[in-house]
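Structural characterization, general
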Amino acid sequence: MSVLILTSHISHGGVASESEKCFGYFKSLNRTTFLWCTDFLEKNDKINFQFGFVSSRVHKHNFLKKIKINITEFFNFYNKLKDSNFDIVVAMHFFPIMLMSLFCLFSRKKINFVSVYHTDLLGYYLDSFFLKKVIIRFLISLSNIYSKKIVFVSNHSMLRAVDYFNIDNSLFIPNGVDSFIPIVKIFPRKYNNTKINLLVVSTLVKSKRIDSIIRVFSLIRESGFYNVKLHIAGFGNQEKHLKELVSYLGLEENVIFLGYIKTSPSFYQSFDLLLSASEKEGLPLNILEAVSFGVPTIAIDCFTGPRDIMLQHDNNIDFSLTNYTKSSVGYLCPLQQKRCNFGIEPDKSEYILLTAVLDFFQHDFLFDNTPVIQSFSIKNVRSKWANLLGYFNL
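Being a predicted model, the structure only gives us computed values, none of them experimental. (Residues numbered from 1 in each chain as written. Predicted model: local features only at pLDDT ≥ 70, side-chain atom pairs only at ≥ 80, totals over all residues. Heavy atoms only, no water.)

**Remarks on the sheet that holds strand S7 (residues 170–172)**
Here 7 strands make up an open sheet; going across it, the order is S3-S2-S1-S4-S5-S6-S7 and the pairing parallel. Among the strands making up the open sheet, the edge pair consists of strand S3 (49–53) and S7. With direction set aside, neighbouring strand axes in the sheet form an average angle of 20°. Relative to S3, strand S2 (residues 32–39) runs parallel, the two being bridged by 3 bridges. For Asp 39, the partnering residue across the bridge sits in S3 and is Phe 53. (Pairing = 2+ DSSP bridges. Helix = DSSP H or I, 4+ residues; strand = E, 2+ residues; numbered from the N terminus. Axes fitted to C-alpha atoms, helices over the stretch in contact; angles between N-to-C directions.)

See the structure below:
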């Protein structure tokens, strides 16, 4: 039995990480597994075939040139897949799902095709402009017709999308983490002279709201914690604006931009606390990795993602929270009040994030990631993919 994993990202980010892990899942289940990457900029030794699509945000081509390149490359993809014979194709996120849906539409070839969405599908749709909404609707309609199963990595994302888009063949399979040892420990309170290292792991784009964290960091220092430093791991098109905000607030010596980092347990464990303020997520890999490797997290909530990890088994979603909620792995703060901006005045949600951080500093914190390890271990996630293969009798 052969499995194809089709992905547009294989070198960095959540989609890349889970694509590589899925490759390992199917290999460990004794399935012949292939990895095709759609984007020519991505690099990984596991790739069996690479196309020349320009699907990534880092490409500098204008819109019309991207369309021309992608239409031309689609014929190469179509012929390559038509000449192949896979028992199942797993399409990781939007661009591969679109390619597979169009292939099924034009070829009329029956194929066991699984779509995997790695974001808040409904949130992404509602935040899009009119033409993009039309395209997303069309994509969802096609994948609903041709996908045998539609997988969501976030349970709350699935619940929102299934109801809104009338998806009737959905399945929840989360991302997995390479951690098998539960960590239970007390993090002692911090004092004003304590050296504290805060961490952000994120692509530097507007929706990740690094601007919020920088403003909160400035307030942390104003609160008397002068030995605290903020480390930002990642890259993206907002890096220049974020550095300008850091400079304007006079934080150049205390905010360190690390660039892209290949994360590991030892990397995370050199920090005291992970911060996240994203507006939109699927299942955030940064939070999942941090708490799995023993690092407490304080996150601003969004409609899907952080809650799946930090407040598990809570389907009674109350997004009108006016204060932070404490969990065994950190603190979850209410939704963002504003969109990305590079002003210096904090908003209400940022003051609540500040209060949560100061609460963590000023009190002992009992950390216990046992529920996370149980729910998101690779062993558990691999069994869910094995059950999916059983659905296809493969």
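Okay, back to it.
**Let's talk about unusual backbone geometry**
Positioned with a positive phi, Arg 108 is a non-glycine residue whose angle comes to about 60°. Checked against the element boundaries, Arg 108 lands in the loop between helix H3 (94–107) and strand S5 (113–117). Here the phi dihedral of Asn 166 falls at roughly 55°; this positive angle occurs in a residue that is not glycine. Along the chain, the position of Asn 166 falls in the loop between helix H6 (155–165) and S7.

**What to know about the confidence of the model for the chain**
Interpretation of the predicted coordinates at a detailed level should be avoided for regions scoring low in pLDDT. Averaged over all residues, the pLDDT of the chain equals 90, while 94% of them reach at least 70. When pLDDT is averaged over each element of the chain, strand S12 (residues 273–276) comes out on top at 98 and S3 at the bottom at 88. (pLDDT = per-residue confidence, 0-100.)

**Concerning the sheet that holds S12**
Spatial strand order, S11-S10-S9-S12-S13-S15-S14: 7 strands in an open sheet with mixed pairing. Two strands bound the open sheet, and with one partner strand each, they are strand S11 (255–259) and strand S14 (325–326). Sheet strands in contact with helix H7 (residues 210–222) are strand S9 (196–201), strand S10 (228–233), S11 and S12, and its direction is about 170° off that of S10. Helix H10 (residues 285–292) contacts S9, S12 and strand S13 (297–300) of the sheet and is inclined by roughly 165° relative to S12. (Contact = heavy atoms within 4.5 Å.)

**Some words on the nonpolar core**
With 87 residues, the main nonpolar core has Leu 198, Ile 298, Phe 361 and Trp 385 as its most contacted residues. Of the residues forming this core, the biggest block, 8 residues, is contributed by helix H12 (residues 348–362). Each residue touching Phe 361, except ones within four places of it in the same chain, is listed here: Arg 189, Lys 190, Ile 196, Leu 198, Ile 220, Phe 225 and Leu 273. (Core = buried A, V, L, I, M, F, W, Y, C linked by side-chain atoms within 4.5 Å. Buried < 20%, exposed > 50% of the residue type's maximum accessible area, 1.4 Å probe, protein only.)

**Considerations on the pattern of salt bridges**
All told, the structure shown has 12 salt bridges when counted by the stated rule. Among the ionic pairs, Glu 281 bridges to Lys 208, the shortest N-O distance being 2.9 Å. A residue pair is termed long-range when its members are at least 10 positions apart, and Glu 281 in the loop between S12 and H10 and Lys 208 in the loop between S9 and H7 qualify at 73 residues. A relative accessible area of 10% means that Glu 281 is categorised as buried. One salt bridge in this structure joins Asp 301 and Arg 307, with 2.9 Å as the shortest N-O distance. One network of salt bridges, with partners in common, ties together Arg 209, Asp 211, Arg 215, Glu 279 and Glu 350. (Salt bridge = Lys/Arg side-chain N within 4 Å of Asp/Glu carboxyl O.)

**Overview of the side chain of Lys 149**
Inspection of the secondary structure assignment puts Lys 149 in strand S6 (residues 149–152). Nearest to the buried, unbridged Lys 149 among oppositely charged side chains is Asp 168, at 8.5 Å. Look past the residues within four positions of Lys 149 in its chain and what remains in contact with it is Phe 113, Val 114, Ser 115, Asn 169, Ser 170, Leu 388 and Tyr 391. (Lys, Arg positive; Asp, Glu negative; His and termini not counted.)

**Focus: the state of the cysteines**
Inspection of the entire model under this criterion finds 0 disulfides. With no disulfide partner, Cys 22 has as its closest neighbouring cysteine sulfur the one in Cys 37, 15 Å distant. Residue Cys 22 is classed as buried on the basis of its relative accessible area, which comes to 0%. The exposure class assigned to Cys 37 is buried, which follows from its relative accessible area of 0%. (Disulfide = S-S within 2.5 Å.)

**A look at helix H1 (residues 14–28)**
Helix length check: H1 (15 residues) gives 21 Å between terminal C-alpha atoms against 21 Å at 1.5 Å per residue, within 8%. All buried positions along H1 are accounted for by Val 15, Ala 16, Ser 17, Glu 18, Ser 19, Lys 21, Cys 22, Phe 23, Tyr 25 and Phe 26. Looking at the buried residues of H1, the elements they touch are strand S1 (2–7), S2, strand S4 (88–92), H10 and helix H14 (378–391). Residue Asn 30 follows H1 closely and has a positive phi angle near 60°. (Expected span 1.5 Å × (residues − 1).)

**Observations concerning the environment of Leu 275**
Structurally, Leu 275 can be placed in strand S12. A relative accessible area of 2% places Leu 275 in the buried class. Each C-alpha atom of the pair Leu 275 and Gly 330 lies 10.0 Å from the other, and the pair is 55 residues apart in sequence. For Leu 275, the residues in contact, after removing those within four places along its chain, are Leu 198, Leu 199, Val 200, Ile 213, Ile 298 and Val 357.

**Brief notes about the packing of aromatic side chains**
Throughout the structure, instances matching the rule amount to 34 aromatic pairs. Its end group placed over the ring of Phe 187, Lys 185 keeps NZ or CZ at 4.6 Å from the ring centre. Note that Lys 243 overlies the ring of Phe 257, its terminal NZ or CZ placed 5.4 Å from the centroid. (Phe/Tyr/Trp six-rings, centres within 6.5 Å; stacked < 30°, edge-to-face > 60°. Lys NZ or Arg CZ within 6 Å of the ring centre and 35° of its normal.)

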